[in-house]
Amino acid sequence: MSTKSVLGEVREVQLAIQLIHLGARLQFLESEVGLSRERLIRLYKEIKGVSPPKGLLPFSTDWYMTWLANIHSSMFYNMYQFMKTHSDEEKVWVLIKSYKLYLQQIEAQESEPILDFTRACTMVRFFDSDMLQLSTCRRCAGQFVAHAHDHKSGYVCVLCRPPSRAGKARGSKRAAGGEISVPGMESIGLAVESALDGGGLH
């Protein structure tokens, strides 16, 4: 006789649906949702209309150090940390809400998300595994994603010291307006601060 709660199963399905809509990979679904692999695959196909993508999850921290990826990753992780500190919800729901907030901020800037959900989840795991840390920029005092155990003193973030060709390809559409050619990032720190009541990058 099965002892599985019907309501509990409904909640698992709802969680899986939210994660699939956000772009969660099958490996992440299996680790976070208590449904069988077969049911998750069937659910994925019903929602996305295609089979779940195959392949390994990201395994390197280097992607988060590149210029634009570092800005987006830092913004997301500051949101996640704020949510985690001020919420008593389960970690997976904190992750979902943080990522939705990140997408809202990017949409408000009429830009495109650089950090996908899989990268966001993987980054949180890297932080949990002490492979990444937040370092404070000595110029703007923002908190940015950096390799764990890097020297924190004298750190300057990618916004205060962008690479010479930063945003040249992606920012060409905005260049005509004479703005700094970083798509959607001109006031992103302010937007995050507003959204989190001062708990953002700056």
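Residues numbered from 1 in each chain as written. Predicted model: local features only at pLDDT ≥ 70, side-chain atom pairs only at ≥ 80, totals over all residues. Heavy atoms only, no water.

## Thoughts on the nonpolar core
Among the nonpolar cores identified, the biggest contains 45 residues, and Leu19, Phe76, Tyr102, Phe117 and Met123 are the most heavily contacted of them. Residue contacts for Phe76: discarding those within four places in its chain leaves Leu95, Ser98, Tyr99, Tyr102, Leu115, Ala120, Met123 and Val124. Counting 5 residues, the second-largest nonpolar core is a separate cluster that includes Cys137, Phe144, Tyr155 and Val156. (Core = buried A, V, L, I, M, F, W, Y, C linked by side-chain atoms within 4.5 Å. Buried < 20%, exposed > 50% of the residue type's maximum accessible area, 1.4 Å probe, protein only. Contact = heavy atoms within 4.5 Å.)

## Some words on the confidence of the model for the chain
Here the chain shows a mean pLDDT of 83. Residues at 70 or above account for 80%. Note on residues 175-202: pLDDT under 50 across the span, and 57 contacts to partners over four residues away in sequence or across chains. (pLDDT = per-residue confidence, 0-100.)

## Looking at the packing of aromatic side chains
Each aromatic ring pair is characterised by the separation of its centres together with the angle its planes make. Counted under the stated rule, the structure contains 10 aromatic pairs. Considering the side-chain rings of Phe76 and Tyr80, the 6.3 Å spacing of their centres and the 20° angle between planes classify their relative orientation as stacked. Here Tyr80 and Phe76 lie together in helix H4 (residues 67-86), a separation of 4 residues that amounts to about one turn. When its relative accessible area of 0% is taken as the criterion, Phe76 is described as buried. (Phe/Tyr/Trp six-rings, centres within 6.5 Å; stacked < 30°, edge-to-face > 60°. Helix = DSSP H or I, 4+ residues; strand = E, 2+ residues; numbered from the N terminus.)

## Comments concerning helix H1 (residues 6-22)
In a regular helix each residue adds 1.5 Å, so 17 residues correspond to 24 Å; H1 covers 25 Å between its end C-alpha atoms and thus fits that length. Within H1 the residues assigned to the buried category are Leu15, Ala16, Leu19, Ile20 and Leu22. Down the axis, H1 shows its buried residues gathered within 155° of arc, on one side only. Pointing more than 90 degrees away from the buried face of H1 are the exposed residues Val6, Leu7 and His21. As for H1, its buried residues are in contact with helix H2 (26-32), helix H3 (37-48), helix H5 (91-108) and helix H6 (117-128). Positioned one or two residues after H1, Gly23 has a phi angle of 105°, which is positive. (Expected span 1.5 Å × (residues − 1). Arc of directions from axis to C-beta.)

## Regarding the packing of H4 against H6
Between H4 and H6, the least distance of the axes is 11 Å, while the angle of their chain directions is 70°. Taken together, the axes of H4 and H6 lie roughly perpendicular to each other. Crossing of H4 over H6 shows right-handed handedness. Here Ser73, Phe76, Tyr77 and Tyr80 of H4 come into contact with H6, specifically with Ala120, Met123, Val124 and Phe127. Classifying every residue of the contact of H4 with H6 by side-chain character gives 7 nonpolar, 1 polar and no charged. (Axes fitted to C-alpha atoms, helices over the stretch in contact; angles between N-to-C directions. Parallel < 35°, antiparallel > 145°, perpendicular 65-115°, else oblique. Left-handed = near helix turned anticlockwise from the far one by under 90°. Nonpolar A, V, L, I, M, F, W, Y, C, P; charged D, E, K, R; others polar.)

## Remarks on H6
Owing to its 3.6 residues per turn, the α-helix aligns residues three or four sequence positions apart on the same side. End to end, H6 covers 17 Å across 12 residues, agreeing with the expected 16 Å (1.5 Å per residue, within 8%). The buried count for H6 comes to 9 of 12 residues, which makes it a mostly enclosed element. Three or more residues of H6 are buried, namely Phe117, Thr118, Ala120, Cys121, Thr122, Met123, Val124, Phe126 and Phe127. If you follow the buried residues of H6, they end up packed against H1, H2, H4, H5, strand E1 (132-136) and strand E2 (143-147). Two or three places before Thr118, at the opening of H6, Asp116 has a side-chain oxygen 3.2 Å from that residue's backbone nitrogen. Positive phi appears at Asp130, one or two residues downstream of H6, with a value of about 60°. (Polar contact = N/O pair within 3.5 Å; in protein donor to acceptor, adjacent residues only side chain to side chain.)

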